[in-house]
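Take a look at the letters that make up each chain.
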Amino acid sequence: MYGQPHAVRVLQNAIKGERVAHAYLFAGPRGTGKTSAARILAKALNCKKGPAPDPCNQCEICLRITSGTGLDVTEIDAASNRGIDEIRALRENARFAPSECRYKLYIIDEVHMLTPEAFNALLKTLEEPPAQTLFILATTEAGKVPHTIASRCQRLDFRRIPINEIVARLREIAAEEGIECEEDALGMVARKADGSLRDAVSLLDQVTSFGQNRVDIEGLNLLLGLAENVAVTEFMDVIAEKKPSHALELINRLYGEGKDLQSFLRAVTEHVRDILVVITCNGARHLVEKPEAAFLQISAQATKFKAAELMHALKILQEAGQEMRWNPQHRIILEMAVLALTHPAADVSLPALKQRVSELERRLNAALQGLHPGGQAQEPGEKPQAPGASGRDRGAVQEPPPKSFSPTLAEFETAWPTVLMEIKEADMPLGTYVKDCLLVNVEDGLLTLGFPPDRSAHKERVLQMKDLLSSLLGNAGWPLGVRCVNVEAPPAPAQSPDTGSEDGEESLQEAELKEAFVREFNGEVV
Amino acid sequence: MPDKRTGATRTKKKAAGPGTHHSPFYFLMGENSVEAEEYVEALLAVVMEKNLRPFNFTVFEGRQFPLGEFRAVMDELPVAAKKRVVLIKDYQKLNSDTRAAIEKHLQKPVREYLIVIFWLVEEPSPSHQGKKEKKTDKKPISADLQKLGEVMQFPGGHKALVPWVEKQFERRKLSADREVLEHFLTVVGAFPQKLAVEADKVACYLYPNSIVTRDLVDELASPAPQYRIFSLSDAIGARDSTKAVHGVRELLRDGVEPVALLGYLVSHFRNLLAVKSAEGSRATKDALAKSLGMHPYTAERALIQARSFSEKRLIQALELILRADLSLKTGKQEPHLLMELLLLKLCEKRR
């Protein structure tokens with residue numbers, strides 16, 4: 001047994017301590033050793049030199065069980081013998097004492113496939129198990145086994161076998177069989193097997209036959225179709241760089257090579273999901289079921305995307321996948337999806353338009369940052385923003401919205417109590433910091449908050465939380481940028497900008513925004 | 001309900017083990033089927049020798065009760081034993097006609113017969129929520145009958161099971177402090193049958209040692225879906241997307257249906273919203289739980305978790321779940337991916 005020390009220890013100690021249960025439920029992914037463990041347990045209990053934790057594998061009983069001819073060890077595939085009649089027959093036979101062994105064992109593989117009636121019949125037997133009879137139920141989907149059955153069995157969870165243990169076993173096999181192996185290739189086989197030793201061994205067999213008793217990376221790439229993974233990575237690079245022509249060429253190439261575009265789309269969707277998980281779950285390795293090399297590639301690609309972009313991409317890809325189910329024009333569907341992903345102007349759905357506006361705001365913000373190295377923080381004494389601090393996500397809330405939204409201070413003051421309540425509800429500390437400030441001005445989409453000298457600490461905190469405040473104002477129906485100033489005395493209501501430079505700056509902002517909108521949407525000013 | 005004058009004292013009687021004097025019938029109620037079965041085992045040991053059981057001990061299942069066969073058995077005398085024992089399981093599932101027929105026998109007790117009736121209820125597994133068994137009426141036998149026999153309680157539930165688990169551990173020569181016992185119970189779930197087999201597994205693993213630790217429980221015990229769901233709700237409450245995505249993957253891998261999970265999430269967020277709305281009332285935890293119809297433990301957890309959400313955010317979460325439900329039922333998205341994306345959205349720090 002490889003990679004299941006907990007299960008081995010429980011079973012061996014059960015034999016040593018004479019505490020063998022009358023029913024076991026072996027649950028776990030395929031190829032992790034459930035059926036093998038059941039057979040070894042059968043041998044250990046019935047071995048002529050036993051019951052012993054380690055069967056001799058040489059006595060008549062052990063040999064018979066190994067060859068599958070033991071009279072008292074019955075293996076049933078519940079996937080093909082799933083009815084009540086089969087289980088009734090089993091019950092009838094289970095009543096008789098073992099003929100040649102100490103224990104009669106029934107190994108029911110894929111037990112979750114039994115019908116409800118068959119489960120009921122089995123339950124009766126498990127409730128009152130005949131003496132000297134053991135049931136070993138093996139399943140890959142333990143959740144589908146009824147609670148009444150599962151609770152009467154001692155459940156042992158078989159885990160995915162660690163890669164190093166699979167490699168060690170493959171190395172042993174290769175040495176026994178005289179196969180020439182590259183160490184990296186064994187690692188690749190183990191990773192591809194995804195924790196299943198059986199898959200790893202069978203893959204090794206295939207590669208050995210393919211490479212004429214030699215296992216190397218080149219042969220593996222050819223045999224396993226790992227080229228598809230390369231294509232997926234390449235595809236995502238193209239999407240990140242927004243190069244529709246390259247993406248279409250790639251699809252054309254795959255189509256020409258006779259690849260199944262539906263399965264390619266599935267692979268891309270999974271890849272996008274993995275990138276999203278890396279971004280949102282702080283690179284959680286265990287949530288990405290990919291080999292290390294692939295994970296590193298995914299992590300590298302994660303720097304090229306934003307979570308919102310990927311959510312949108314997933315929506316487009318899933319819709320394409322949905323359409324492929326009934327529409328045989330897979331190539332066209334995939335191309336349309338690619339165009340929607342790489343050429344946003346072609347996508348007129350609401351989320352796409354929202355994303356384009358956000359992107360526009362970001363670019364504008366970046367341009368303004370270039371003009372004013374301090375960014376939006378134009379007040380004296382406010383810290384200039386660090387170069388890397390203007391992340392893509394932050395840009396959207398930092399910039400004042402388009403000119404069309406221009407409430408007056410009086411309007412905003414009327415709504416302020418309600419807005420303040422919403423801010424408090426969303427973030428109590430922020431609500432406290434802005435509670436005592438003065439509403440100085442609302443102009444050109446910018447809310448100016450005044451802080452008296454004794455509230456300078458609050459001003460600092462608000463400056464730190466400016467993005468959040470701006471976003472909360474937006475949620476409350478007041479999409480305004482925020483700036484903070486020091487005030488000495490109660491401010492005069494709704495001051496107009498009084499410096500020439502600020503005037504110039506506002507008109508520049510407006511002109512840039514207008515120009516960017518016209519360029520992005522191919523429109524004209526009327 | 002048991003008769004308050006006579007039955008109540010009897011129902012409070014915990015089965016300490018059968019004595020030499022026997023009632024004509026025993027009515028065993030509650031959630032702890034293992035303890036009830038052990039009681040029957042002890043009763044049988046007193047009444048007859050093991051080798052006589054095939055001739056004098058008959059079990060009837062409530063699910064498909066053969067009334068004719070039961071009548072025939074009740075006409076036979078014991079074979080070489082003091083008494084014949086008849087065990088009727090799942091009495092709560094019998095229809096009223098069958099119950100009336102059985103009760104006729106109970107009303108006219110015969111010295112040579114001992115009837116044991118099980119009215120034991122186990123909670124259904126959450127992965128089979130859609131296939132809940134038909135609700136049974138909870139009316140046990142009449143007060144008059146209770147006077148003639150013995151009604152015994154075998155309570156389940158977390159609190160009642162802690163000392164029972166301790167006893168199970170002792171029986172298997174295991175030792176664990178109270179905190180570990182409670183953790184074991186929380187992880188495995190309040191299912192006596194499962195607790196017993198899990199205790200067996202722990203004993204086998206440790207053999208010949210005996211000290212059970214919290215880490216060992218985490219490593220070895222097979223967690224109940226409820227425990228995983230609680231962990232998932234904790235992760236969502238803490239906005240821990242990594243734990244939440246991991247939790248949902250484990251649940252889905254274990255066969256929990258995405259629709260059932262969505263149902264659970266709706267009920268969880270509805271609880272949070274209810275608790276959030278009632279937060280201003282300054283009611284005590286217990287009063288709050290009572291007014292919202294929740295278990296105090298659930299209410300306490302909901303109170304803690306509700307602090308990290310605004311009311312608006314909770315409403316948005318419910319809208320997200322509703323949209324996910326629609327996508328799931330119209331087949332717009334692959335269920336596992338849909339669930340993962342939903343959890344990522346629910347765990348988003350700020351929107």
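Residues numbered from 1 in each chain as written. Chains lettered and ligands numbered in written order. Predicted model: local features only at pLDDT ≥ 70, side-chain atom pairs only at ≥ 80, totals over all residues. Heavy atoms only, no water.

**A short note on the overall build of chain B**
Logical step 1: Each helix and strand in chain B was counted, giving 17 helices and five strands.
Logical step 2: Within chain B, residue pairs in contact and separated by at least 24 positions form 76% of the contacts whose partners lie at least 6 positions apart.
Logical step 3: In the form shown here, chain B has an accessible surface area of approximately 17600 Å², with 54% of it arising from carbon and sulfur atoms. (Helix = DSSP H or I, 4+ residues; strand = E, 2+ residues; numbered from the N terminus. Contact = heavy atoms within 4.5 Å. Areas by Shrake-Rupley, 256 points an atom, 1.4 Å probe, with all protein chains shown as cover.)

**So, the overall build of chain A**
Logical step 1: Check the secondary structure of chain A and you find 23 helices and ten strands.
Logical step 2: Put simply, chain A has 526 residues, and 46% of those count as buried.
Logical step 3: A fraction of 72% describes how many contacts in chain A between residues 6 or more apart in sequence connect residues 24 or more apart.
Logical step 4: Carbon and sulfur atoms provide 53% of the accessible area of chain A, an area that totals close to 25300 Å². (Buried < 20%, exposed > 50% of the residue type's maximum accessible area, 1.4 Å probe, protein only.)

**A closer look at the confidence of the model for chain B**
All names here are of chain B.
Logical step 1: Mean pLDDT over chain B: 78, with 86% of residues reaching 70 or higher.
Logical step 2: Here residues 124-137 scores under 50 on pLDDT; set against residues more than four positions off or in separate chains, the count is 18 contacts.
Logical step 3: Here the predicted complex carries an ipTM of 0.71, next to a pTM of 0.63. (pLDDT = per-residue confidence, 0-100.)

**Examining the interface of chain B and chain A**
Frequently, the measure chosen for interface size is the accessible area that the parts lose on association.
Logical step 1: Residue-level contacts link 48 residues of chain B with 49 residues of chain A.
Logical step 2: Summed over both partners, the interface of chain B with chain A buries about 4200 Å², with 50% contributed by carbon and sulfur atoms.
Logical step 3: Across the chain B-chain A interface, the total number found is three salt bridges.
Logical step 4: The salt bridge partner of Glu219(B) is Arg159(A), with a shortest N-O separation of 3.1 Å.
Logical step 5: Summed over the shared surface of chain B and chain A, the number is 13 residue pairs in polar contact (both at pLDDT 80 or more).
Logical step 6: Across the side of chain B that touches chain A, the residue classes break down as 13 nonpolar, 13 polar and 22 charged. (Buried area = accessible area lost by both parts, 1.4 Å probe. Salt bridge = Lys/Arg side-chain N within 4 Å of Asp/Glu carboxyl O. Polar contact = N/O pair within 3.5 Å; in protein donor to acceptor, adjacent residues only side chain to side chain. Nonpolar A, V, L, I, M, F, W, Y, C, P; charged D, E, K, R; others polar.)

**Here we look at the pattern of salt bridges**
Residue and element names in this part refer to chain B.
Logical step 1: Taken as a whole, this structure holds 30 salt bridges over all chains when the rule is applied.
Logical step 2: Salt-bridge contacts for Lys201 lead to Glu198; the nearest nitrogen and oxygen are separated by 3.3 Å. With Lys201 and Glu198 both in helix α9 (residues 192-206) and three residues apart, the pair spans about one turn of that helix. There is no split in this pair, since Lys201 and Glu198 are both buried.
Logical step 3: A salt bridge links Arg249 to Glu340, with the nearest nitrogen and oxygen atoms 3.2 Å apart.

**Quick look at the state of the cysteines**
Residues and elements named next belong to chain A.
Logical step 1: For the structure shown, the criterion picks out zero disulfides over all chains.
Logical step 2: Free of any disulfide, Cys47 has its nearest neighbouring cysteine sulfur in Cys56, separated by 3.5 Å.
Logical step 3: When its relative accessible area of 1% is taken as the criterion, Cys47 is described as buried.
Logical step 4: Among the cysteines around Cys101, which has no disulfide bond, Cys59 carries the closest sulfur, lying 8.9 Å off. (Disulfide = S-S within 2.5 Å.)

**Thoughts on the sheet that holds strand β4 (residues 113-120) of chain B**
Residue and element names in this part refer to chain B.
Logical step 1: As summarised here, the arrangement of the five strands in space is β2-β3-β4-β1-β5, forming an open sheet in which the pairing is parallel. Because the sheet does not close on itself, it has two edges, and the strands there are β2 (57-60) and β5 (150-154). Within the sheet, the average angular offset between the axes of one strand and its neighbour, ignoring direction, is 15°.
Logical step 2: With five bridges joining them, strand β1 (residues 25-30) and β5 adopt parallel strand pairing. If you follow Tyr26 over to β5, its bridge partner there is Glu150.
Logical step 3: Against the sheet, helix α2 (residues 33-47) engages β1, β2, β3 (84-88), β4 and β5, with an angle of about 175° to β4. (Pairing = 2+ DSSP bridges. Axes fitted to C-alpha atoms, helices over the stretch in contact; angles between N-to-C directions.)

**Concerning the sheet that holds strand β4 (residues 133-139) of chain A**
All names here are of chain A.
Logical step 1: Reading across the sheet, the five strands line up as β2-β3-β4-β1-β5 and stay open at both edges, with parallel pairing between neighbours. In the strand order of this sheet, the two ends are held by β2 (73-77) and β5 (154-157), each with one partner. The mean angle between the axes of side-by-side strands here comes to 15°, regardless of whether they run parallel or antiparallel.
Logical step 2: One ladder, built from five bridges, connects strand β3 (residues 104-109) with β4; its direction is parallel.

**Here we look at helix α5 (residues 116-127) of chain A**
All names here are of chain A.
Logical step 1: For α5, with twelve residues, the first-to-last C-alpha span of 16 Å sits near the 16 Å given by 1.5 Å per residue.
Logical step 2: Where α5 is concerned, the buried positions are Ala118, Phe119, Ala121, Leu122, Leu123, Thr125 and Leu126.
Logical step 3: Packing partners of the buried residues in α5 comprise β1 (23-27), α4 (84-94), β3, β4 and α6 (147-150). (Expected span 1.5 Å × (residues − 1).)

**Considering the environment of Leu338(B)**
Logical step 1: Mapped onto the fold, Leu338(B) is located in helix α17 (residues 335-346).
Logical step 2: With residues up to four places along the chain from it excluded, the contact list for Leu338(B) reads Ala324(B), Ser327(B), Leu328(B) and Gln333(B).

**Brief notes about the packing of aromatic side chains**
Residue and element names in this part refer to chain A.
Logical step 1: This structure, assessed with the given rule, holds twelve aromatic pairs over all chains.
Logical step 2: Ring centres of Tyr106 and Phe135 lie 5.5 Å apart, and the angle between their planes is 20°; this geometry places the pair in the stacked category. With Tyr106 in strand β3 and Phe135 in strand β4, the pair connects residues that are 29 residues apart, well separated along the chain.
Logical step 3: Its relative accessible area of 3% is what places Tyr106 among the buried residues.
Logical step 4: Aromatic pair Phe412 and Trp478: ring centres 5.1 Å apart, planes at 85°, arrangement edge-to-face. A residue pair is termed long-range when its members are at least 10 positions apart, and Phe412 in helix α19 (residues 409-426) and Trp478 in the loop between α22 (466-475) and β10 (481-486) qualify at 66 residues.
Logical step 5: Given a relative accessible area of 0%, Phe412 falls into the buried group.
Logical step 6: Judged by relative accessible area, Trp478 falls into the buried class, the value being 15%. (Phe/Tyr/Trp six-rings, centres within 6.5 Å; stacked < 30°, edge-to-face > 60°.)

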